[in-house]
Amino acid sequence: MTTGSLLVVDLVIAVLAAAGWLGGGAAAAVRRRPLALALAAVALLATLARAITITALARAGWWFAAEKVLVAAPLSLAAVAAAGPRLRAVPGDIRSVAPALLFAGYATSGALLVTVLHGYPASVGAGLLAVAGAVTATAVSWRALGVRPSRLLSRVALVVAVGALVTGVGLTVGRDATPAVPHDHGFRDARTSDEPTRRFTLTAGTATVRASGRDVAAWAFNAQVPGPELTATVGDVVEVTLRNRDIGRGVTLHWHGYDVPNSQDGVPGVTQAAVRPGQEFVYRFRADQAGTYWYHTHSVSDVGVRMGLYGVLVVRPGPMAGLDVTVPVHTLSGLPLPAPRVEPVQAGVPVRLRLVNTDSTTHRYALAGTAFRVAAIDGSDLRGPTSLVDTAVLIPAGGRYDLVFDAPATPVALFVDGRAVYSTGPVSVATGDWPVLDPLDYGTAATVPWSRFDRSFTLVLDRGLDLHDLLPRYAHTVNGAADPDIPPQVVRLGDVVRFTIVNRSPIVHPWHLHGHHVLVLSRDGRPAAGSPLWLDSFDVRPGEVWEVAFRADNPGVWANHCHNLAHADAGMTMHLMYS
Ligand code: C2O
Ligand code: CU
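Reference entry: report on the structure contained in this document. (Residues numbered from 1 in each chain as written. Chains lettered and ligands numbered in written order. Predicted model: local features only at pLDDT ≥ 70, side-chain atom pairs only at ≥ 80, totals over all residues. Heavy atoms only, no water.)

### Some words on the packing of aromatic side chains
A complete count under the given rule lists 13 aromatic pairs for this structure. With 6.4 Å between their ring centres and 80° between their planes, W63 and F64 make a pair best called edge-to-face. With relative accessibility at 0%, the residue F64 sits in the buried group. Between Y258 and Y293, the ring centres sit 4.7 Å apart and the planes meet at 90°, which makes this aromatic pair edge-to-face. Remark: Y293 occurs in strand 7 (residues 291-296) and Y258 occurs in the loop between strand 5 (254-256) and strand 6 (280-286); sequence separation between them is 35 residues. What makes Y258 buried here is its relative accessible area of 1%. Judged by relative accessible area, Y293 falls into the buried class, the value being 1%. Taken together, the ring pairs connect F221, W255, Y258, F281, Y283, F285, Y293 and Y295 into an aromatic cluster. (Phe/Tyr/Trp six-rings, centres within 6.5 Å; stacked < 30°, edge-to-face > 60°. Buried < 20%, exposed > 50% of the residue type's maximum accessible area, 1.4 Å probe, protein only. Helix = DSSP H or I, 4+ residues; strand = E, 2+ residues; numbered from the N terminus.)

So this is what it looks like as structure tokens:
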């Protein structure tokens, strides 16, 4: 079983246990004896079963089990100790068992809330609050049931509840008082002063565009979605003038995957101010990385990109033979882009399909009718890519794959989630059950260029309750904090930096670091065995642990965030800073 499904199973069992104890307690309170006993038996079994899931999770990593071992296990033991013995010798009046069953229910619910609302890392504060909650709720139930606990027991309960509450609140509030990220508002201009050789103007504005034969309201660059395809050759100096006609929430250009100087990175509030209606900003950078990239607004990026403020950036190493096709996939108002394109190609012509995922979720691409190779991922050429047939690839949000093949005499078609988006003629084939390529096993390995790391950071991705400006929100968190309270990763120029990224949540988080490409070292403890993978976007699936590394060679303040842009907006954004 994968760690992701273990996390789900453990959660389901925990809910079952809590519901069983609470239901059993309630049934006992109204003297429904058989029901009370049955529910309590289910709860007891579920509570004990968690020993298995928690042990299995602990073996997958402390991250997955920390609060379960430290908070849930002791509370579950207390629950079993309080309720278990009473079930063996149930007295004549089942009602007298109710407080014990209810305590077990409150204790297991409290532990569950710690997992769901607080997450990783487990804290003494959260544990104490769970204890205080369970004890207080039990005391209230006692009174409501009219069952009088002994004097001593009530006094002990009062002391425990108040003590746990006060200490727990103190510790929790203390934890949340982390300082905000010190953003660099100097906006130093490090634009290259060389004469531009490629000039573009992108004007952002509201527009009506066609998608799947329908008119759709969009935000567009030069009135088209996607925006114009920007092309350059390695060595060019690219200059892009961004104008904002009427996008009230501001616009910027971020060169996704292009490791530009920090001042050109287009992150509002960090590297520049957002460009307001009527304003403009000029970006200039040297095109020294060949490959497939894309650009998009980084101002209210979730809405902005979804509404259409994006386009493709292709940098070629020089003149290229054959057919070069870009396929930027997007969902605009629920409608898929691009429109299907059919163009016959002569047999023998080399074709390069540049697949770009500009959505916030993973897409599945399947190329039918030909053998092909994955020549590059995220703009970087792979080493020794072998020929593949009837194999699908999964491209994470923000990611790019370049597929190459020589056109066969028979038609070829590219399917995205089962929909043909590009073809050279009619192809009818079901690709849904094709195996999926694992890039960590594809191509020829090379040794990792570093043997030691100057800095190591662990990023544990989760969900939790976050109090920012006293407004509670259910945020996507990193190490228990949400933007802007996540401490930045501070590095020095030249450092070799390692990130361990852990996904404790039940949803995929496509990770994206600006300004750098990271080399994949391992996933779930298994070293990458294929071509070196230099990625800027990679899916960290539920329960996965990725280890990646990079050399800190591009000074500045860089966004480091989930590229499910809704998650990024809901807390999952932080920064890499050079000291
Ligand atoms: Cu493509 Cu910060 O994002
Ligand atoms: Cu995410």
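Let's pick the thread back up.
### Comments concerning the sheet that holds strand 22 (residues 489-491)
With respect to topology, five strands assemble into an open sheet ordered 22-31-30-24-28, the strand pairing being mixed. Every other strand in the sheet has two partners, leaving strand 22 and strand 28 (537-540) as the edge strands with one partner each. On average, each strand axis in the sheet is tilted by 20° relative to the strand beside it, whichever way the strands run. Bridge analysis of strand 24 (residues 509-513) against strand 30 (residues 557-562) gives three bridges, and the strand direction is antiparallel. In the sheet register, H512 faces strand 30, and the bridge partner there is H561. (Pairing = 2+ DSSP bridges. Axes fitted to C-alpha atoms, helices over the stretch in contact; angles between N-to-C directions.)

### Looking at the coordination of the copper ion (ligand 2)
Six octahedrally arranged donors around a metal ideally form angles of 90 or 180 degrees; four tetrahedrally arranged donors ideally form angles of 109.5 degrees. Surrounding the copper ion (ligand 2) are the protein donor atoms H509 (ND1), C562 (SG) and H567 (ND1), which sit 2.0 Å from the metal. Motif for the copper ion (ligand 2), donor spacing along one chain: H-x52-C-x4-H. Of this pair, H509 sits in strand 24 while H567 sits in helix 8 (residues 565-569), placing them 58 residues apart in sequence. The same class applies to H509 as to H567, namely buried. (Donors = N, O, S within 2.8 Å, 3.2 Å for Na, K, Ca; no water.)

### A look at the sheet that holds strand 10 (residues 335-337)
Reading across from one edge, 10-9-12-17-14-15 is the order of the six strands in this open sheet, with mixed pairing throughout. This sheet does not close on itself; its edge strands, each paired only once, are strand 10 and strand 15 (380-381).

### Remarks on the side chain of T326
Inspection of the secondary structure puts T326 in strand 9 (residues 323-332). A relative accessible area of 13% means that T326 is categorised as buried. A polar side-chain atom of T326 sits 2.7 Å from a polar atom in the side chain of E229. Sequence-distant contacts of T326, that is, excluding residues within four places in its chain, are made with E229, V312, V314 and R354. (Polar contact = N/O pair within 3.5 Å; in protein donor to acceptor, adjacent residues only side chain to side chain. Contact = heavy atoms within 4.5 Å.)

### Focus on the pairing of strand 28
Taking every second residue as pointing to the same face, both faces of strand 28 are buried, with S537 and D539 on one and F538 and V540 on the other. Inspection of the sheet shows strand 24 paired to strand 28 by four bridges, in the antiparallel sense. Residue pairing in the sheet places P510 in a bridge with D539 of strand 28.

### Re the side chain of S141
Take S141: it is sitting in helix 5 (residues 124-145). S141 has contacts with L102 and Y106, leaving out every residue within four places of it along the chain.

### Points about the pattern of salt bridges
For the structure shown, the criterion picks out 30 salt bridges. Ionic pairing is found between R50 and D10, a salt bridge with its closest N-O pair at 2.9 Å. In this pair, R50 sits in helix 2 (residues 33-60) while D10 sits in helix 1 (residues 3-29), placing the two residues 40 residues apart along the sequence. In this structure, D246 and R245 form a salt bridge, with 3.8 Å as the shortest nitrogen-oxygen distance. Look at the salt bridges and you will find they share partners, linking D10, R50, E67, K68, D462 and R504 into a network. (Salt bridge = Lys/Arg side-chain N within 4 Å of Asp/Glu carboxyl O.)

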